[in-house]
Amino acid sequence: MNRRPAGPPAGPPLKAGDLLEITAAASVQFVARPIVFRLIRVLDWVTFDGWVWLDGYQLDARGDAVARRSIFVQPAGLRKLIEVSAPRPRRAPNAGRHGPTRTARPARPPASRAASSRFDER
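What you see is a predicted model; the values in this text were computed from it and never measured.

Structural notes on the pairing of strand β3 (residues 52-59)
Line of reasoning, step 1. The element β3 is largely enclosed, with a buried count of six among its eight residues.
Line of reasoning, step 2. As paired elements, strand β2 (residues 35-43) and β3 share seven bridges and run antiparallel to each other. Among the inter-strand pairings, Val 36 is bridged to a residue of β3, identified as Leu 59.
Line of reasoning, step 3. Two strands pair when backbone bridges link them, and β3 and strand β4 (residues 65-73) are joined in this way by eight bridges, in the antiparallel orientation. The residue bridging Val 52 from the neighbouring strand is Val 73, located in β4.

Next comes the structure, spelled out in structure tokens:
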């Protein structure tokens, strides 16, 4: 019996950063709810012929990562998505619900000697 390594998986060539739609065509676990997935890497774990493990992020409707996942899929059922818009800029660390950052207040001049001495006399 001759054993030979499996060739590259069928389906689109995959690379880090690819945006994929994962549906029932890729795996039965996505029958009820397909997901959008940002690929980090194709894992080199041993699997059945025609299946691969993918490591990446599940994205919400806005394109934000909501969960990091490793998924077991058939590459032939994957669909690459084309990004239409450029990534949104990240907001500043202190911006948001707390409002803009404040500048330092000028130092308060020291209280006059007369004002502080009146409390000392009591």
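Some remarks on the side chain of Ser 27
Line of reasoning, step 1. Tracing the backbone shows Ser 27 in the loop between β1 (19-22) and β2.
Line of reasoning, step 2. According to the relative accessible area criterion, Ser 27 is buried, its value standing at 7%.
Line of reasoning, step 3. For Ser 27, the contacting residues outside a window of four places in its chain are Trp 51, Phe 72 and Val 73.

Thoughts on the packing of aromatic side chains
Line of reasoning, step 1. All chains considered together, the criterion is met by three aromatic pairs.
Line of reasoning, step 2. Judged by centre distance (4.9 Å) and plane angle (20°), the ring pair of Trp 51 and Phe 72 falls under stacked. With Trp 51 in the loop between β2 and β3 and Phe 72 in strand β4, this pair connects stretches of sequence that are 21 residues apart.
Line of reasoning, step 3. The interplanar angle of 35° and the centroid separation of 5.0 Å between the aromatic rings of Trp 53 and Phe 72 together place this pair among those described as tilted. With a gap of 19 residues between them, Trp 53 in strand β3 and Phe 72 in strand β4 connect regions that are remote in the sequence.
Line of reasoning, step 4. Trp 53 sits in the partly exposed class, given a relative accessible area of 25%.
Line of reasoning, step 5. Three or more aromatic residues joined by ring pairs make a cluster, and in this case those are Trp 45, Trp 51, Trp 53 and Phe 72.

Rules and cut-offs
Residues numbered from 1 in each chain as written. Predicted model: local features only at pLDDT ≥ 70, side-chain atom pairs only at ≥ 80, totals over all residues. Heavy atoms only, no water. Buried < 20%, exposed > 50% of the residue type's maximum accessible area, 1.4 Å probe, protein only. Helix = DSSP H or I, 4+ residues; strand = E, 2+ residues; numbered from the N terminus. Pairing = 2+ DSSP bridges. Contact = heavy atoms within 4.5 Å. Phe/Tyr/Trp six-rings, centres within 6.5 Å; stacked < 30°, edge-to-face > 60°.

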